[in-house]
Amino acid sequence: MVQAVILTKDPKPNTPFSIGIEIKDFQPSEPQQDQSVVKILAAAVNHRDIWILKNFYPQEIILGSVLGGDGVGILQTKGSALAEEGQRVIFNPSVNWESNLKGPEGEFRMLGLLPDPGTLAEAITIDSKQVFACPEHLSTAEAAALPIAGLTSYRGLFTKGEVKKGDFVLITGIGGGVALTALQFAVAIGAHVYVTSSSPEKIEFAKKLGAEGGINYKDPNAIDDLKKQLNGHRIDVVLDGFGGEFFPKIAQVMEKGGVIVHYGNVDVASGKGVPFILDLWVNNVELRGMSMGSRFEFGKMVEFVNKYKIKPIVSRTFKGLIKENVEDAISLLVAGKQLGKVVIEI
């Protein structure tokens, strides 16, 4: 038996959640021929976990699931994994999506909801093909922070956005794990990156990571400010996980034939999308939706991180798999006070 974060029917009082969590004893399944057993060292929490606890997530939420899709651990039982026992490994969080760049070949799922295992546990039994050798330059917390943000960023920038050296890229909502990782990826290949946030501190932090400029999207003059910073250039690719009232204004700075890659928004609970206004389509701007990515893209992302020695930004690390730490980590995300990923070392 191991300790794990289990979904229950009893939410914490005075929270926005309709589903609860408990730290309980849990028995991972016995590994089959093509499965591996990994001792978890650390796992990250994500906004997806918040959507699950709010019962907003677009996948059946089964009580008794082990929460968590991000993690790093030590491979204990190899199975058919392309890593060796005793080696640090990370997990591809996408299930039933092998290599089709258009979308999943099967019924798409993610780690962290039954019938699949979750990473907020002391150990996990997982399909061996989901296991990848961890980049050696990453700390335990950095490695735990990589999978979901790294995969989303890689697919968003390079598969969907087709970003290349010299492109002008706008990343919205800087401060979250995906946005910061995407900033690091885009800067690494020589793109010109600009960011949005309501926090001047987060914008300044982004500049230290290589962003060339940034705007406060709550400022009524934000788009004019961005035009000045661009100095005659226009945005080739937008990576947007925010939506909101600022989204339509992006049309004013888009290059003809540019691409907006959209992977989520602040109104996700209401089911609202983003407006594809006349100024976008009349200028041949493409709006491309995305969610996560394939196992093939995950492998390419790990190669990219190794090549450029990318280190995910970790906002805070909690020590120990106890309920207080898990609840505090989730509260930090709900409040939007993080700058990077939030990790629990197990």
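Our subject is the structure that appears above.
Residues numbered from 1 in each chain as written. Predicted model: local features only at pLDDT ≥ 70, side-chain atom pairs only at ≥ 80, totals over all residues. Heavy atoms only, no water.

Chemist: Quick one: what's the story with the nonpolar core, residue by residue and with numbers?
Modeler: Judged by nonpolar contacts, the single largest core of 74 residues is most densely connected at Leu-7, Ile-90, Leu-157, Ile-171 and Phe-185. With 10 residues, helix H2 (residues 140-160) is the largest single contributor of residues to this core. Core analysis: the second largest hydrophobic core is formed by 21 residues, Ile-223, Ile-250, Ala-251 and Ile-260 among them. (Core = buried A, V, L, I, M, F, W, Y, C linked by side-chain atoms within 4.5 Å. Buried < 20%, exposed > 50% of the residue type's maximum accessible area, 1.4 Å probe, protein only. Helix = DSSP H or I, 4+ residues; strand = E, 2+ residues; numbered from the N terminus.)

Chemist: I'd like a description of the packing of H2 against helix H7 (residues 295-308), backed by residues and values.
Modeler: Packed helices, taken two at a time, are described by their axes: the angle between them and the distance between them. Orientation of H2 relative to H7, taken along the N-to-C sense of each, is 95°, at an axis distance of 9 Å. Here H2 is positioned roughly perpendicular relative to H7, judged by the angle of their axes. Residues Leu-146, Pro-147, Gly-150, Leu-151, Tyr-154, Arg-155, Phe-158 and Thr-159 of H2 lie in contact with H7, whose contacting residues are Glu-297, Phe-298, Lys-300, Met-301, Phe-304 and Val-305. Looking at side-chain class alone, the contact of H2 with H7 contains 9 nonpolar, 2 polar and 3 charged residues. (Axes fitted to C-alpha atoms, helices over the stretch in contact; angles between N-to-C directions. Parallel < 35°, antiparallel > 145°, perpendicular 65-115°, else oblique. Contact = heavy atoms within 4.5 Å. Nonpolar A, V, L, I, M, F, W, Y, C, P; charged D, E, K, R; others polar.)

Chemist: Residues and numbers for the pairing of strand E4 (residues 72-77), please.
Modeler: Where strand E3 (residues 35-45) lies against E4, 5 bridges are found, and the strand directions are antiparallel. The partner of Val-38 across the bridge, within E4, is Leu-75. Pairing geometry for E4 and strand E5 (residues 88-91), over 3 bridges, is antiparallel. Residue pairing in the sheet places Ile-74 in a bridge with Arg-88 of E5. (Pairing = 2+ DSSP bridges.)

Chemist: Which residues make up the sheet that holds strand E10 (residues 168-171), and what are the values?
Modeler: What the 6 strands build is an open sheet, ordered E12-E11-E10-E13-E14-E15; its pairing is parallel. In this open sheet, the two strands that pair with only one neighbour each are strand E12 (213-216) and strand E15 (286-289). This sheet shows a mean twist of 20° between the axes of neighbouring strands, independent of strand direction. Sheet topology note: the strand E11 (residues 192-197)/E12 ladder contains 4 bridges and is parallel. Within E12, the residue paired with Val-195 across the bridge is Gly-214. Against the sheet, helix H5 (residues 222-230) makes contact with E10, E11, E12 and strand E13 (235-240), and its axis sits at roughly 170° relative to E12, the strand it touches most.

Chemist: Quick rundown of helix H3 (residues 177-188)? Include the residues and the values.
Modeler: Taking 1.5 Å of rise per residue, the 12 residues of H3 would be expected to cover 16 Å, and the 17 Å separating its terminal C-alpha atoms lies within 8% of that figure. Gly-177, Val-178, Ala-179, Leu-180, Thr-181, Ala-182, Leu-183, Gln-184, Phe-185 and Ala-186 are the residues of H3 that are buried. (Expected span 1.5 Å × (residues − 1).)

Chemist: How would you summarise the side chain of Arg-288 if you had to cite specific residues and measurements?
Modeler: With respect to the secondary-structure elements, Arg-288 resides in strand E15. A polar contact of 2.8 Å, which involves the side chain of Arg-288, links it to the side chain of Glu-286. (Polar contact = N/O pair within 3.5 Å; in protein donor to acceptor, adjacent residues only side chain to side chain.)

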